[in-house]
Amino acid sequence: MNDEERRAARPVRFADPARNAAYWARIDAIVDQAPPLSDEQRATLRTIFSTVTIPRTGEAA
């Protein structure tokens, strides 16, 4: 997914398009100032946000 597709898929935070665009511009500016993540940091985040499936009581694992 390229940047344009990623930005188009963002949730709408505000009904007013100008306010919504300003919100995402602030987010982009914050992200642009952050240092890049290391491979270890990326792996940790993937683990944290991965889907965990827990069987319900009485279901086979």
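Residues numbered from 1 in each chain as written. Predicted model: local features only at pLDDT ≥ 70, side-chain atom pairs only at ≥ 80, totals over all residues. Heavy atoms only, no water.

So, the overall build of the chain
Then step 1. A count of helical and extended segments in the chain gives three helices and zero strands.
Then step 2. Walking the chain from its N terminus toward its C terminus, one meets helices and strands in the order α-α-α.
Then step 3. Taking 2.2 N^0.38 as the reference for a compact globule, 61 residues should give roughly 10 Å; the C-alpha atoms of the chain span a radius of gyration of 18 Å, well beyond that estimate.
Then step 4. On the principal axes, the C-alpha backbone points of the chain span a range of 50 × 35 × 20 Å.
Then step 5. Counting only residues that meet the buried cut, the chain has 7% of its 61 residues in that class.
Then step 6. Accessible area of the chain: about 5800 Å², with a carbon and sulfur share of 57%. (Helix = DSSP H or I, 4+ residues; strand = E, 2+ residues; numbered from the N terminus. Rg over C-alpha atoms; globule rule 2.2 N^0.38 Å. Buried < 20%, exposed > 50% of the residue type's maximum accessible area, 1.4 Å probe, protein only. Areas by Shrake-Rupley, 256 points an atom, 1.4 Å probe, with all protein chains shown as cover.)

A short note on the packing of aromatic side chains
In this description, a pair of aromatic rings is defined by centroid distance and the angle of the planes.
Then step 1. Evaluated as defined, the whole model comprises two aromatic pairs.
Then step 2. Between F14 and Y23, the ring centres sit 5.6 Å apart and the planes meet at 70°, which makes this aromatic pair edge-to-face.
Then step 3. Judged by relative accessible area, Y23 falls into the partly exposed class, the value being 22%.
Then step 4. Measuring from centroid to centroid gives 5.0 Å for Y23 and W24, while their planes differ by 85°, and the two rings are edge-to-face. (Phe/Tyr/Trp six-rings, centres within 6.5 Å; stacked < 30°, edge-to-face > 60°.)

Section: the confidence of the model for the chain
Then step 1. When pLDDT is averaged along the chain, the result is 88; 93% of the residues meet or exceed 70.
Then step 2. Across the chain, the element-wise mean pLDDT spans from 82 in helix 1 (residues 3–8) up to 95 in helix 2 (residues 17–33). (pLDDT = per-residue confidence, 0-100.)

What to know about a nonpolar patch on the surface
Then step 1. On the surface, a cluster of nonpolar side chains totalling about 420 Å² of accessible area is made up of L37, L45, I48 and F49.
Then step 2. Positionally, F49 belongs in helix 3 (residues 39–49). (Patch = residues over 30% accessible without salt bridge, like charges linked within 9 Å, V, L, I, M, F, W, Y side chains within 5 Å. Salt bridge = Lys/Arg side-chain N within 4 Å of Asp/Glu carboxyl O.)

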